[in-house]
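Understanding the architecture of this molecule
Below are the chains, spelled out letter by letter.
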Amino acid sequence: MHLGTRIGRLTIGALFAGGLLYAPTSFAGKSNDTLVYASDSEPESVSPYHNDVREGVTLARLAWDTLIYRDPRTGEYRPMLATAWKWLDPLTLDVELRQGVGFQNGDKFSADDVVFTFNYVVNPESKVVTKQNVDWIKSAEKRGDYEVRIHLKTPFPAALEYLAGPTPIYPKAYFQKVGGVDGYSRAPIGTGPYKIVSVALGKGVKLERNANYFKDSPRGQPSIGKLEFRVIPDHETQVAELMTGGIDWIWRVPPDQADALKANPKLTVVAGETMRVGYLAFDNEGRADAKSPFKEKRVREAISYAIDRQAMVQNLVKGSSHVMDAFCFPSQFGCQPDAVRKYSYDPAKAKALLAEAGYKDGFDAEIYAYREREYAEAMIGYLRAVGIRAKLNFLKYSALREAQRAGKVPLGFLTWASFSVNDASAMVGVFFKGGDDDFTHDKQIIDWLNAADSSTDPVERKANYAKALGKIAEEAYALPLFSYSSYYAFTSDLQFTPDADEVPRFDLAHWK
Amino acid sequence: MIAFLLRRLGLALAVAFTVSIFAFALVRLSGDLATTIAGPEATSAQIEQIRIEYGLDRPLWQQFDDWLWHAARFDFGRSFFFREQVANLIAGRLPVTLTLGGLALAFALALALPLGIVAAIRPNSWIDRLALVLSVAGQAMPTFWFGLVLMLVFGVRLRWLPVSGTGTWRHFVLPAVALGYYATPAIMRLTRTGMLDVLGSDYIRTARAKGLRWHTVLLKHALRNAMVPVVALVAVQLGFMLGGSIVIEAVFAMHGLGYLAWESIQRNDFPVVQAIVLILAVFYIGLIFLADLLNAWLDPRLRTP
Amino acid sequence: MSSVPRPLPGTETLLAPSPSAILRTRIFGHGGIVIGGSVVLGVLLLALAAPLIAPYDPYVQDISQRMIPPIWAPKGSWLHLLGTDKLGRDYLSRLVYGARISLFIGAFASALSGLIGCALGVTAGYFGGRIDAAITYLVTIRLSLPVVLVALAVVALSGSSLEIVVIVLGLLLWDRYAVVSRAATRQLRHAEYIVAAQAVGASTLRVLLSEMLPNILNPLIVVATLEMAHAILLEAALSFLGLGVQPPLPSWGLMIAEGKEYMFFSPWVITIPGIALFTLVLGINLLGDGVRDLTAPENRN
């Protein structure tokens, strides 16, 4: 046999194998009632309590329901899986559950599921990632088939807000049948308007409309037949796919691209405000390096003066973003930006402070970041101008979180969106109340925050938050940078409204 | 022949073993495993417990021994990031990379062999010069840049082919071209020099003098002999392509092995990286072993080195 | 350095052109060498004279002046000939300083791997036997490791900086040096002057360094150019994947990676460094090819 033909056959064989392996799939869009949306990162587990990325929150809201529903547009609390709730005392909440709701596999929803879910997530063995969202719960107790009592550890006025957000209800029987979270995250089931039909780790998730979604849901009935979540890490690839109709919806579009995409008549570009706040985290305790310059207040102040946040907002972040002064999002209860010390852009003052602190010639530093490389680079530029030679370490969020908890991050450019919870406890509480992510351990602040979170008196709460936020700014424990505005770009066939809490609600979207 | 086979096989196994030491070291260098597995909020007692549970308190060589036997059965442990076995993750990604590598090689051969042969038959013709330009340009372009340009032109502007993903065979066209093009110059040059050497040799002249038809001489004698070094090179190139597809997979958002490796590196998920390094290396070792066999079959002189 | 193959001057007639003249004609008659050489020389000059040529400090940003297109575009400005990048840094200045970094990476990575590869290759070729087998085995191991992946992993573990990237690339790219120097050494092992040097009692190291190395230098120069180009491309790939040279250093690979975000709407951001990189690598390759053609005439057709 001739070698030429042999090679030819091999070639054809390879081509053929390639064709067979990949059966054609359908395209995105209105024509086949499939909304394909893309995002850059993926949840490490689809189980809502076992990831803390937005993509996970989005899925959680699509496939699961919570006890209470907070109307994203009016802010009002409405019954969802719960029909009524009542505080017996600041530590006890009684909840009445809705009857006739089913999980997507046909199992009936009842008090057992709620009790199971809450007791499961507060158990340290469950290794939930979103501890800060559930650690106010002490336990849940069944009072009847459709009655549940929730016990709190300490008074927690924001409880309803959490029950209306990051606390979806799991199916007890199914969860146990599939052998716990590992099996569950491969084929999860909820009561939500969409059913997850396939999970390809790191690649994406496919969902279908839940035809049996309960009639009285405050969310109404879903309209679009199929959803597909694709993980495309590269923004340019996302944009290219969107422009060519390969996908229908993207978000976090960089402002420059958003401006350019507006010119495309087939696409709709909208800017949405978000609760996401960018901030610089300093190694206040010198965990990365005992001689860390960031232990020195004047250095942190200097950095706060060195960065022109206003210019960054105007030229880089754009949209509806604002400079942030307090370590929280202004719409959150208790957040009082006017009550804290403000740092204006003043490189001369920054240099003077550095010199005073003994860093006349500046110093070398490493800055860690996980999103918006160019914002990080802009800050590196500003730091450079006052003599701080920062080097960028760009990581995935999970790796950065790990590095930070391990005390390896001297300077971090981080962001926090408070799980869309409209209460200051969801941001300042996470990073300054002595929890896993508190890297400051300021006793005074911890006390104030505990007082604020457990008081039922709004005035007292506010006063305590003001003190805590005031000290954070005064000591420059962290530098709040700016709020984010998110640009959404999607096919003009789609009717979609972004919400400030940065949860895309595809269950409320429909084709035009 | 058997001795030759055994010797080659022995070498392949020895190399694979050494690579496995390297892969093992890679994870051990990434930080304290017990701490990573235990998770950030674990107490030091919990960490110690995990250290004992996972056998991380044993001497390194014992741990290596243990790991190697598991790895030989495709058990690479668990991913630190995903709640999943590494082997399952890899099984889901391998077909993409293999298909991409295979198609890229097919493209490279389809371009390089004819050009190389024609360039050898007609040296200094316009085809020879075109081949030269293509090969020089091919080696000077970063693959990711070429991939981006292909995406921009054929995906976004002309819309002939999909931009990213792995849904259909059409998704593989642009990445395969971008990846294969980089391997083209080497194969083409070797085909050309091989053909030139053979065509200049005495027995081809004899064959022609005997009045055999030109294309018979060309295909039956010249090509077969010129292909000997090319086969080895092709195997090497395929190995490189599987290892190098990481960049192309990243550009075209193809969820293959390389892409998984890249993501895992960024997530500090080194059990996955370790397994992929090992698998790609074993692929390469297997390929050169095959190439050796193929060569020995094509050219019996090589059997007694 | 003499690149002329062995026929000694004395054996030629007096009327024949001198070897250096032959060399000169060859060099200047060879298109590849002329083009490649001038490109490399040009980039080298650019790099050396960067502070003189660059109109601005490549690190100084002004984010109110970002994304100004280059001079030939409708909205271009004479203040920034090649425009500005996403942070308002002058693109020409970054390109000029970037030449330094790309050349530095190419030269040092290639030199480091040359050192390793030649040491191994010459040893293997000269001693043969078990040493040769062991070193061949090392080369196979090295070849079986996927370069990009291993480089990424090692850089990720040890922190990415210019020095680390250069060292990692240097430690990974020695295989071709080893193969070529081994083959060349084997050919010369029994050459007269080597045997003669051994006979007069020169130490092995001396024989290898002063007799062997100079005589196998030509093919190694070719490999050096190839590996230099290879290292520059690999650094670009690493930077593209986010684990190469870190900002704000302006390596050309990093500039492409950073410009990628704007490629649909401001293609020049990725085109300019892309062309610069392409030209440099092309120049190095042409130069290498040319040197090979000149020094190994039997390979010419």
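Residues numbered from 1 in each chain as written. Chains lettered and ligands numbered in written order. Predicted model: local features only at pLDDT ≥ 70, side-chain atom pairs only at ≥ 80, totals over all residues.

**Notes on the overall build of chain B**
On a plain count of helices and strands, chain B comes out with twelve helices and zero strands. Secondary structure elements of chain B, listed N to C terminal, follow the sequence α-α-α-α-α-α-α-α-α-α-α-α. Taken along the three principal axes of its C-alpha coordinates, chain B extends 85 × 55 × 30 Å. The 305 residues of chain B split such that 50% are buried. Intrachain contacts of chain B at a sequence separation of at least 6 include 72% that bridge at least 24 residues. (Helix = DSSP H or I, 4+ residues; strand = E, 2+ residues; numbered from the N terminus. Buried ≥ 20, exposed ≤ 12 C-beta atoms within 10 Å, placed from the backbone. Contact = placed C-beta atoms within 7 Å.)

**Notes on the confidence of the model for chain B**
All names here are of chain B. Across chain B, the average pLDDT comes to 83, with 96% of residues at 70 or higher. Ranking the elements of chain B by mean pLDDT puts helix 2 (residues 33-38) last, at 74, and helix 5 (residues 86-121) first, at 90. Both scores are available for the predicted complex, with the pTM at 0.84 and the ipTM at 0.86. (pLDDT = per-residue confidence, 0-100.)

**A closer look at the pairing of strand 1 (residues 34-39) of chain A**
All names here are of chain A. Burial runs high along strand 1: six of the six residues are buried. Residue alternation in strand 1 divides its side chains into two sets, Thr34, Val36 and Ala38 and Leu35, Tyr37 and Ser39, and both sets are buried. Judged from the six bridges that link them, strand 1 and strand 10 (residues 226-231) form a sheet pairing that is parallel. When the bridges of strand 10 are listed, alanine 38 appears paired with arginine 230. (Pairing = 2+ DSSP bridges.)

**A short note on the interface of chain C and chain A**
Many structure descriptions define interface size as the accessible area lost when the parts assemble. Taken residue by residue, the interface counts 19 residues in chain C and 20 residues in chain A. Grouping the amino acids of the side of chain C that touches chain A by side-chain chemistry returns ten nonpolar, five polar and four charged. (Nonpolar A, V, L, I, M, F, W, Y, C, P; charged D, E, K, R; others polar.)

**With respect to the environment of serine 245 of chain B**
Residues and elements named next belong to chain B. Assignment of secondary structure puts serine 245 in helix 10 (residues 214-251). For serine 245, a count of 32 C-beta atoms within 10 Å puts it in the buried group. Along the backbone, serine 245 and glycine 256 are eleven residues apart, and their C-alpha atoms lie at a distance of 8.5 Å. Excluding anything up to four places from it in sequence, serine 245 contacts Thr97, Leu100, Gly101, Leu179, Gly256 and Gly258.

**Regarding the packing of helix 5 (residues 129-144) of chain C against helix 8 (residues 175-188) of chain C**
All names here are of chain C. Between helix 5 and helix 8, whose axes approach to 10 Å, the crossing angle comes to 150 degrees. Viewed along their axes, helix 5 and helix 8 adopt a mutual orientation that is roughly antiparallel. Between helix 5 and helix 8 lies a crossing whose hand is left-handed. Contacts from Ile135, Val139, Arg142 and Leu143 in helix 5 reach Asp175, Ala178 and Val179 in helix 8. (Axes fitted to C-alpha atoms, helices over the stretch in contact; angles between N-to-C directions. Parallel < 35°, antiparallel > 145°, perpendicular 65-115°, else oblique. Left-handed = near helix turned anticlockwise from the far one by under 90°.)

**Some details on the domain arrangement of chain A**
Residue and element names in this part refer to chain A. Per the domain assignment, the segments of chain A are domain 1 (48-221 + 493-511) and domain 2 (274-484). Placing a centre on the C-alpha atoms of domain 1 and another on those of domain 2 gives a separation of 31 Å. In this assembly, 20 residues from domain 1 lie in contact with 19 residues from domain 2. It is helix 4 (residues 131-134) that contributes the most residues to the side of domain 1 that touches domain 2, three residues altogether. Taken together, the residues of the side of domain 1 that touches domain 2 break down into eleven nonpolar, four polar and five charged. (Domains from an automatic or database assignment.)

**As for unusual backbone geometry**
The omega angle of the peptide bond from proline 247 of chain C to proline 248 of chain C is 5 degrees, so this bond is cis rather than trans. Within the fold, proline 248 of chain C resides in the loop between helix 11 (217-240) and helix 12 (252-259). Phi at arginine 252 of chain A takes a positive value of approximately 55 degrees, unusual for a residue other than glycine. By the secondary structure assignment, arginine 252 of chain A is in the loop between strand 11 (249-250) and helix 9 (255-261). The class of arginine 252 of chain A is buried, set by 20 C-beta atoms lying within 10 Å. The backbone phi angle of asparagine 268 of chain B is positive, close to 65 degrees, even though this residue is not glycine. Locating asparagine 268 of chain B in the fold gives a position in the loop between helix 11 (257-266) and helix 12 (270-298).

**Focus: helix 11 of chain C**
All names here are of chain C. Taking 1.5 Å of rise per residue, 24 residues should cover 34 Å, and helix 11 covers 34 Å from first to last C-alpha, within 8% of that figure. Helix 11 sits mainly inside the fold: 20 of its 24 residues count as buried. At the exit of helix 11 stands glycine 242, carrying a positive phi of roughly 85 degrees. (Expected span 1.5 Å × (residues − 1).)

**Points about helix 11 of chain B**
Of all ten residues making up helix 11 of chain B, ten are buried, and the element is well covered by its neighbours. Restricting attention to buried positions, one finds in helix 11 of chain B the residues Leu257, Gly258, Tyr259, Leu260, Ala261, Trp262, Glu263, Ser264, Ile265 and Gln266 of chain B. Contacts made by the buried residues of helix 11 of chain B are with helix 14 (397-405) of chain A, helix 5, helix 10 and helix 12 of chain B together with helix 6 (147-158) of chain C.

**Things to note about the packing of helix 8 of chain C against helix 11 of chain C**
All names here are of chain C. Taken N-terminus to C-terminus, the directions of helix 8 and helix 11 make an angle of 170 degrees; their axes are 10 Å apart at the nearest point. The angle between helix 8 and helix 11 falls in the class roughly antiparallel. Here Arg176, Tyr177, Val180, Ser181 and Ala184 of helix 8 lie close against helix 11, whose contacting residues are Pro219, Leu220, Val223, Leu226 and Glu227. For the contact of helix 8 with helix 11, a count of residues per class yields seven nonpolar, one polar and two charged.

**Comments concerning the sheet that holds strand 5 (residues 92-97) of chain A**
Residue and element names in this part refer to chain A. One open sheet accounts for four strands, arranged 4-5-7-6; its pairing is antiparallel. In the strand order of this sheet, the two ends are held by strand 4 (82-89) and strand 6 (137-144), each with one partner. Averaged over neighbouring strand pairs, the angle between their axes works out to 20 degrees when direction is ignored. Relative to strand 7 (residues 147-152), strand 6 runs antiparallel, the two sharing six bridges. Opposite isoleucine 137, over in strand 7, you have leucine 152 as the bridge partner.

**A word on the confidence of the model for chain A**
On average, residues of chain A score 89 in pLDDT, and 95% of them reach the 70 mark or higher. Within the model, pLDDT remains below 50 along residues 1-26 of chain A, and this stretch shows 33 contacts once partners closer than five positions in the same chain are excluded.

**Quick word on the nonpolar core**
Ranked by size, the top nonpolar core spans 353 residues in total, and within it Leu469 of chain A, Ile187 and Ile276 of chain B together with Ala151 and Leu152 of chain C carry the most contacts. Sorting elements by how many residues they give to this core places helix 10 of chain B first, with 20 residues. Each of domain 1 (48-221 + 493-511) and domain 2 (274-484) of chain A accounts for three or more of the residues forming this core. Once residues lying within four places of it in the same chain are set aside, the contact partners of leucine 152 of chain C are Trp262 and Ile265 of chain B together with Leu238, Leu241 and Leu243 of chain C. (Core = buried A, V, L, I, M, F, W, Y, C linked by C-beta atoms within 7 Å.)

**Description of the pairing of strand 9 (residues 204-209) of chain A**
Residue and element names in this part refer to chain A. With six bridges joining them, strand 8 (residues 194-200) and strand 9 adopt antiparallel strand pairing. Among the inter-strand pairings, lysine 195 is bridged to a residue of strand 9, identified as glutamate 208. Between strand 8 and strand 9, which pair antiparallel in sequence order, lie three residues; one of them, glycine 202, sits at a positive phi of approximately 75 degrees. One ladder, built from five bridges, connects strand 9 with strand 10; its direction is antiparallel. The partner of glycine 204 across the bridge, within strand 10, is arginine 230.

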